[in-house]
Amino acid sequence: MKRIFLSICIVLLSLVMRSQGYELPSATVAYPSFHTSAMQTGNTTLPSSDIAAPFSDSTPSSSSKGPRRAPGSGHSGGTTITTPGAAIGDGLIPLLIISILYMLMKGIKRLLLNYGKNLALCVCLIVGTPMRAIEMLPTFGDIDHIHLPALIVQHADGDQTLQLRAQDTTYIDHAQYKETVIATKDLVQPFFVTIHVRQWKNVPITETWYEISHTEKKPVRLQRFDSGYLPLENGDLYLVHLHGNWAGEAVPTVERLTRGIKTIRNSDGARNAHLDAPEVMISLDGVPQENSGRVLGAALCWSGNFEIRVAATDEKGFHFYAGIDPMASEYILSPKQTFTTPHLAYTYSNEGMGGVSRAFHRWARTCGMMHNGNAIRSILLNSWEGIYFDITEERIIAMMNDIAAFGGELFVMDDGWFGGKYQRNSDDAALGDWIVDTRKLPNGLEALTQAAKDRHIRFGIWIEPESTNTLSELYEQHPEWVLQERGRELKLGRGGTQLVLDMTNPKVQDFVFNMVDDLLTKHPEIAYIKWDANASIQNCGSTYLSRDKQSNLYIDYHLGLVKTLERIRAKYPDVVIQNCASGGGRANYGLMPYFDEFWVSDNNDALQRVYIQWGTSYFFPSNAMAQHIGGSPYLMTGRTTPIKFRCDVAMSGRLGMELQPAHMTDEERAQCTTAFKDYKELRELIQLGNLYRLVSPFEPVPVVEQQQVASLMYVNDAKDHAVLFAYGLTSFMKQASRRIRLAGLDPDRTYSLRERNVRHGEQPCALDGQSFTGAYLMSVGLDIPLSTEYAIDYPSRVIELTNN
Ligand code: GLA
């Protein structure tokens, strides 16, 4: 009876609202984005009561019966995922009214009274359909048997049930964000969870996380502790996640979500971006499109093991969960200790995957999610692929001469510079012995930093602080500092000797901090550090953690690492630090707040880099992506690529080079000099601009008939300056060229075109000097001359667009 009455109310209400010009929300993409600005006045604490209605209390009607928006017709739910510029009235008001009706129907008037003016919070808890209340945090023991919990704990007395109810709510109006903090407590046990929801003001990103604590008599076992939960509407949902491996990172994997549970996880222990990475997108409108369609993005800000799940356990919708992987990772939480889950960042765009990427990029640069996010990055030469471990003072200084001559700004000495009793001539020895190997560098680092100064470039150095080798003085002195399983044989990593240090141990944290501190104190000229991590956690045991807390290791390792990085950053805010882990193994937002950039891949083959960089750009901004011009033929793949192509591929991110300049031809040298000069003029646009991916290298085309290309562009905020990169991936004679439609421009402005990094010895292409309106460029597009009468392998163009 009640349901019939409610249905009539909703139909009437929808008719009234449509007549008033309101679109009813689809009301199913449900994470609160809290457009509460109109309702709050600084920090307010409000009383509350039973706000968390369990699933089981609210399943009588199917979400599919709720009011819907046509796909693609705008943001998906009134109060839900943030869309840029969405206002409070854009759907929140209808949802509020429906929610009020619902609550009245259910006789929960007390809820309204308790929340007073902060109705938005009620709505946050009653998103989904008007008839279905969904918890912000589903817990084991408080939801029905169909749904999955995001939080499972075993209390000190063995009880496994958790029924959280709100205690009070605080609103924080910070200059950069709004935050809602909901303090909850279990109905029976002295167990507390504080729910945080932070909404950034300058970018449509909402972060959620939980703080978990208790005052039970003994430790509580946290058995699952996700960072966020989000119910999603039924529909033709597609999941996009990055899968890859060492030297083949970030392959976008797109798959339809079906009934059952889809899990993405990583259990490397120390790194989490090789194989599967902790960021995903979910298209709500079928196969995801680059510049259209409703897409949700989520990034778990964590550097350790994670698990992301999308569950469709019944016919009513999908449920998204993301958090630390609970496998072998029950967290033993002592009384009065607080466990804070990693932040989970969400965004929502109706501009397709591109919109999601641009939101993450802006958030990374402006919300502290990468170090010095808005700083312009320097052009560097890294020694690794040029000379590997064969470091000598003479070779290093010769490389400095070369990078300075090209117009570069920084030289980085990679692996091989350290070692005492054990020399670092290969990957099997000396990690941990961070003393200069004077057999290779008789005049120490001083001679190198002075040489850099003399050449007006800066100096950087490689370290791998979290590891050692069995062949090292460090391991001889402190065998107890490596991760190890008591009484079992050590499993050895790279070089057959590598071991991971126990970052849960404060003495090891001090060792790592002091090593970096000594290096930077003795050599204040060091401007850049490459921080590598080439080992997984294979020995899952700690001599520091007590026996009953061994399962805290996977988590405490990363907390120890972050604590150490925080100490380093507090003392050295200006040193550029690159995040490297056998290439892109640590490209994640757990660590990026402490790093300026990351090494995208150990695979520096320009062709494969087009693909790897494409996938990586789904979540990470260009100024974080270290892209180096490599040698040709390339050592790993044997592929020969022209220097112009290698430069153009590297120029689309943070440009550098990684080869032996002594082996370069005059043509290669001339092209690099041009590339560096042009890059300096374009780099603000490239490093800080808005990325539009135009043609995907993953897009299949009938080769021979039509050339396979990849193309992307950057546009500045003012939309008066843009740069387009186009790469030909196949070259056949008489192949049809590919028209590329641009994006992100102002349709009403006229842009003049200029070719940059023109191929050495050639004239600019026919597009150079021409002008087109933004409307033309975006609807008709350009024929970028990539194929010629005589096919050239790997043709490429860089075209600058300027509106004066
Ligand atoms: C890892 C890095 C490389 C290089 C080597 C040095 O593989 O990814 O770039 O620094 O270590 O050993």
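Bear in mind that the values here come from a model prediction, so they are computed numbers and not experimental data. (Residues numbered from 1 in each chain as written. Predicted model: local features only at pLDDT ≥ 70, side-chain atom pairs only at ≥ 80, totals over all residues. Heavy atoms only, no water.)

> Honestly, the overall build of the protein in this entry has me stumped. Any pointers?
A tally of regular secondary structure across the protein gives 15 helices and 35 strands. Put simply, the protein has 804 residues, and 64% of those count as buried. In the protein, the share of contacts with a sequence separation of at least 24, taken over all contacts with a separation of at least 6, comes to 73%. In the form shown here, the protein has an accessible surface area of approximately 28100 Å², with 53% of it arising from carbon and sulfur atoms. (Helix = DSSP H or I, 4+ residues; strand = E, 2+ residues; numbered from the N terminus. Buried < 20%, exposed > 50% of the residue type's maximum accessible area, 1.4 Å probe, protein only. Contact = heavy atoms within 4.5 Å. Areas by Shrake-Rupley, 256 points an atom, 1.4 Å probe, with all protein chains shown as cover.)

> Hey, could you run me through the nonpolar core in this one?
A general trend in soluble globular proteins is that nonpolar side chains are found buried together. Trp363, Met413 and Trp531 are the most contacted members of the largest nonpolar core, which has 132 residues in total. With 8 residues, the top contributor of residues to this core is helix 10 (residues 506–522). (Core = buried A, V, L, I, M, F, W, Y, C linked by side-chain atoms within 4.5 Å.)

> Before we go on, may I ask you to explain the packing of helix 10 against helix 11 (residues 553–571) in this structure?
Helices that pack against each other are described as a pair by the angle of their axes relative to one another and the distance between those axes. Helix 11 packs onto helix 10 with a crossing angle of 30 degrees between their chain directions and a minimal axis gap of 10 Å. Classified by the angle their axes make, helix 10 and helix 11 are roughly parallel. The chirality of how helix 10 crosses helix 11 is right-handed. Contacts between helix 10 and helix 11 involve Gln509, Asp510, Val512, Phe513, Val516 and Asp517 from the former and Gly560, Lys563, Thr564, Arg567, Ile568 and Lys571 from the latter. Across the contact of helix 10 with helix 11, the residue classes tally to 4 nonpolar, 3 polar and 5 charged. (Axes fitted to C-alpha atoms, helices over the stretch in contact; angles between N-to-C directions. Parallel < 35°, antiparallel > 145°, perpendicular 65-115°, else oblique. Left-handed = near helix turned anticlockwise from the far one by under 90°. Nonpolar A, V, L, I, M, F, W, Y, C, P; charged D, E, K, R; others polar.)

> Where do I start with the site of the ligand in this structure?
Near the ligand there are 13 residues, and of these Asp414, Asp415, Lys530, Asp532 and Asp602 occur at the shortest range. Arg494 places a polar side-chain atom, nitrogen or oxygen, 3.0 Å from an oxygen atom of the ligand. In this structure, Asp532 approaches the ligand through a side-chain N or O atom, which is 2.9 Å from an oxygen atom. Isolated, the ligand exposes 300 Å² of accessible area, and the fraction of that covered by the protein chains is 97%. For the shell around the ligand, a count of residues per class yields 4 nonpolar, 3 polar and 6 charged. (Near = heavy atom within 4 Å. Polar contact = N/O pair within 3.5 Å; in protein donor to acceptor, adjacent residues only side chain to side chain.)

> How do you make sense of the sheet that holds strand 23 (residues 526–531) when you look at a structure like this?
Whenever strands of a sheet pair, they do so through backbone hydrogen bonds, lying parallel or antiparallel. Strand order in the closed barrel made by the 8 strands is 18-19-20-23-24-25-26-27, with parallel pairing throughout. This sheet shows a mean twist of 30 degrees between the axes of neighbouring strands, independent of strand direction. Both strand 24 (residues 576–579) and strand 25 (residues 597–599) contribute to a ladder of 2 bridges, which runs parallel. The residue of strand 25 that forms the bridge with Gln578 is Glu597. (Pairing = 2+ DSSP bridges.)

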